[in-house]
Amino acid sequence: MFVEKVLNLRSLTKTCTRLVAFGAVFVFSAHALAQEPKQLCVAEIENMPESWKPSASVRRYLNPAPWSPREAKRATLSIGRGVDEMINYFKRKPSALFNVGADSIEAIIQVTYASANAPELDEKARSAARKYLTTLSKPFLQRSEDSITCNEFGKLLPLAIFAHRLYPKDDWRTKRLTTLTNVAFEECETLKIAADIDIDAILGDKNSTPKALLDLYVWVLWFTEAQLFPDIKLPEASKTWGPRFWTYTKNYKLRDANEFEEGPFDEGFIAVADLAPHMAHLITATHRYKLRVSDAPNLYRWHRENFYAALEVGELDLFASVVDTLRQYGCTAENDKQVRDGTRYLLKVFSEGEDSWMDYRQDGETDENIDDYGIVHYPWTAILGVRVRKFENPGPDNLGGIVRSWN
């Protein structure tokens, strides 16, 4: 009865689920894969390693049927609906754009990375991203250089990066945002002050928390992409943040659900489950390039062996990110049972929300206590979890060339 409620969740509270003994539900292997597995994507439970399999009680509620054309059509519909929901939300509530900040651009543009979408959908997303960039940039473009402070570097840097990508070549706004970003950094003087984070302290501690690593992760992404635009003037040391962080995280101990007192409902496991997909973002440049098992064997192992534990947690965005990572290996709903189960779960949430991602609420969340970022995060992550990919090719002139040099 417990598993049935979880797989039909939305109203089940963590308090109730924690009353259930978890120890007999999942069994995980402690052995990391050292090389590419013989079969990267596994279509049926019977062919899975034991450590990947769901418990018998969970398995009873999984659909054994092959992926169908009707389901593929629903997935495509849900992606377009998610893009529309984000666009309409920012249209209805303009203040939300500033509350979410540059992540409003990231949320809408990521659906176009490694895209297998209809061209019309990608253009809609890019058009919205440019509009958000223009709105967020306008207050800065009206400012004088001597009014810019160090504290504004964190807002200006992503805007300058997006301007290089979204505006036409030599657009005056790109040049101006870049100048203001450079001024802000000069006011800071050092990377440590600019980012307000100590990379040496975090990476110097082999037991750094997932939260500390996620805080650093954001700066690693920005400093890595900024390398593509030489007019963004950052110290050479900024180029070392990516390889240093990746070397640390790919060897980081990702703890399994059964290592925590409350299993998958333990806040410690949820923190790890949040970190693990973000690790995949680093080496794939947020979904652009294919992920290889050899990039970080423990990352692949963790996703496989904790997949059904993450499903049992029942948090839409958390689980969508786990499914998203498996898709980065090239696994699909057609050729991989876990991706199929995960996509079906996500589409079930979509259907139960009357074809909406944005109306989803976790336990304890209400329209009154959820913030704008939280609302946008649901369609943002959900559509990444269900979408098909057509991977981009790493090269010397793109992010792929940079991240591939880290291994």
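Right above here is the structure, for reference.
Engineer: What should I look at first to understand the overall build of the protein chain in this one?
Structural biologist: Regarding its fold elements, the protein chain presents 20 helices and zero strands. Against the 2.2 N^0.38 benchmark of 22 Å for 407 residues, the protein chain shows a C-alpha radius of gyration of 21 Å, consistent with a compact globule. Principal-axis analysis of the C-alpha atoms gives the protein chain an extent of 65 × 45 × 40 Å. Across the 407 residues that make up the protein chain, the buried fraction comes to 57%. Surface exposure of the protein chain reaches about 17900 Å², of which carbon and sulfur atoms provide 52%.

Engineer: I keep staring at the environment of Ala 72 and nothing clicks. Help me out?
Structural biologist: With respect to the helices and strands, the residue Ala 72 is situated in helix α4 (residues 69-92). A relative accessible area of 28% places Ala 72 in the partly exposed class. Taking the C-alpha atoms as reference, Ala 72 lies 9.2 Å from Val 386; in sequence the two are 314 residues apart.

Engineer: Sorry if this is basic, but what is going on with the packing of helix α17 (residues 316-328) against helix α18 (residues 337-352) here?
Structural biologist: Two quantities define a packed helix pair, namely the angle between the helix axes and the distance between the axes. Between α17 and α18, the least distance of the axes is 10 Å, while the angle of their chain directions is 145°. Crossing geometry of α17 relative to α18 is assigned as left-handed. Judged by residue contacts, Leu 316, Phe 319, Ala 320, Val 323, Leu 326 and Arg 327 of α17 engage Gln 338, Val 339, Gly 342, Thr 343, Tyr 345, Leu 346 and Val 349 from α18. Split into classes, the residues belonging to the contact of α17 with α18 amount to nine nonpolar, three polar and one charged.

Engineer: In this structure, what is going on with the state of the cysteines? I would like to understand it.
Structural biologist: Here, disulfide denotes a covalent bond that connects the sulfur atoms of two cysteines. Overall, the coordinates contain two disulfides when judged by the stated rule. What pairs with Cys 41 in a disulfide is Cys 331, and their sulfur atoms sit 2.0 Å apart. Of note, the bridge from Cys 41 to Cys 331 carries an S-S torsion of about -90° and is left-handed in sense. Taken as a pair, Cys 41 in the loop between α2 (14-17) and α3 (56-59) and Cys 331 in the loop between α17 and α18 lie far apart in primary sequence, 290 residues in all. Comparing Cys 41 with Cys 331, the two get one shared label, buried. One disulfide bridge connects Cys 150 with Cys 188, the sulfur atoms lying 2.1 Å from each other. Taking the sign of the S-S torsion, about 105° here, the bridge from Cys 150 to Cys 188 comes out right-handed. On the criterion of sequence distance, the pair formed by Cys 150 in the loop between α7 (119-141) and α8 (153-166) and Cys 188 in helix α9 (residues 172-188) is long-range, its members being 38 residues apart. In terms of burial, Cys 150 and Cys 188 fall into one category: buried. Here the disulfide map of the protein chain reads 1-4, 2-3, the bonded cysteines being numbered as they appear in the sequence.

Criteria and thresholds
Residues numbered from 1 in each chain as written. Predicted model: local features only at pLDDT ≥ 70, side-chain atom pairs only at ≥ 80, totals over all residues. Heavy atoms only, no water. Helix = DSSP H or I, 4+ residues; strand = E, 2+ residues; numbered from the N terminus. Rg over C-alpha atoms; globule rule 2.2 N^0.38 Å. Buried < 20%, exposed > 50% of the residue type's maximum accessible area, 1.4 Å probe, protein only. Areas by Shrake-Rupley, 256 points an atom, 1.4 Å probe, with all protein chains shown as cover. Axes fitted to C-alpha atoms, helices over the stretch in contact; angles between N-to-C directions. Left-handed = near helix turned anticlockwise from the far one by under 90°. Contact = heavy atoms within 4.5 Å. Nonpolar A, V, L, I, M, F, W, Y, C, P; charged D, E, K, R; others polar. Disulfide = S-S within 2.5 Å.

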